[in-house]
Amino acid sequence: MAYKIIASQCTVCGACEFECPNAAIRLKNDMYIIDPKKCTECEGHFDAPQCAAVCPVPDTCVPA
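Notes on the structure follow. The structure presented is a predicted model; accordingly, all values stated were derived computationally and were not measured.

**A look at the overall build of the chain**
- If you tally the helices and strands in the chain, you get two helices and four strands.
- Listing every helix and strand of the chain by position from the N terminus yields β-α-β-β-α-β.
- Taking 2.2 N^0.38 as the reference for a compact globule, 64 residues should give roughly 11 Å; the C-alpha atoms of the chain span a radius of gyration of 10 Å, in line with that estimate.
- Dimensions of the chain along its principal axes, counting C-alpha atoms only, are 30 × 20 × 20 Å.
- Taken across its 64 residues, the chain has 30% of its residues classed as buried.
- Counting only contacts in the chain whose residues sit at least 6 apart along the sequence, the fraction spanning at least 24 positions is 57%.
- Of the roughly 4100 Å² of accessible surface on the chain, a fraction of 52% belongs to carbon and sulfur atoms.

The structure is reproduced here in structure tokens:
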């Protein structure tokens with residue numbers, strides 16, 4: 001499974017992009033998106049998905 005970003009809640013701060021160990025997050029059309037083919041929910045890197053951990057808006061990075 002992968003994570004997704006709730007576009008209506010995203011502030012486009014960019015915190016998540018640099019924390020992703022798989023480079024699964026990128027800016028597209030002025031909005032951050034998560035590539036589900038690259039997202040591993042940080043398994044093997046961290047105990048929790050880092051996009052959700054660093055996002056300043058609760059429940060913006062959620063399981064897809």
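**Let's talk about the environment of Tyr3**
- The residue Tyr3 is located in strand E1 (residues 3-5) in this model.
- For the pair Tyr3 and Cys13, spaced 10 residues apart in the sequence, the C-alpha separation amounts to 17 Å.
- Residues within four places of Tyr3 in sequence aside, it is in contact with Ile34, Cys39, Glu41, Pro49, Cys51, Ala52, Cys61, Val62, Pro63 and Ala64.

Here is what the cut-offs are and how they apply
Residues numbered from 1 in each chain as written. Predicted model: local features only at pLDDT ≥ 70, side-chain atom pairs only at ≥ 80, totals over all residues. Heavy atoms only, no water. Helix = DSSP H or I, 4+ residues; strand = E, 2+ residues; numbered from the N terminus. Rg over C-alpha atoms; globule rule 2.2 N^0.38 Å. Buried < 20%, exposed > 50% of the residue type's maximum accessible area, 1.4 Å probe, protein only. Contact = heavy atoms within 4.5 Å. Areas by Shrake-Rupley, 256 points an atom, 1.4 Å probe, with all protein chains shown as cover.

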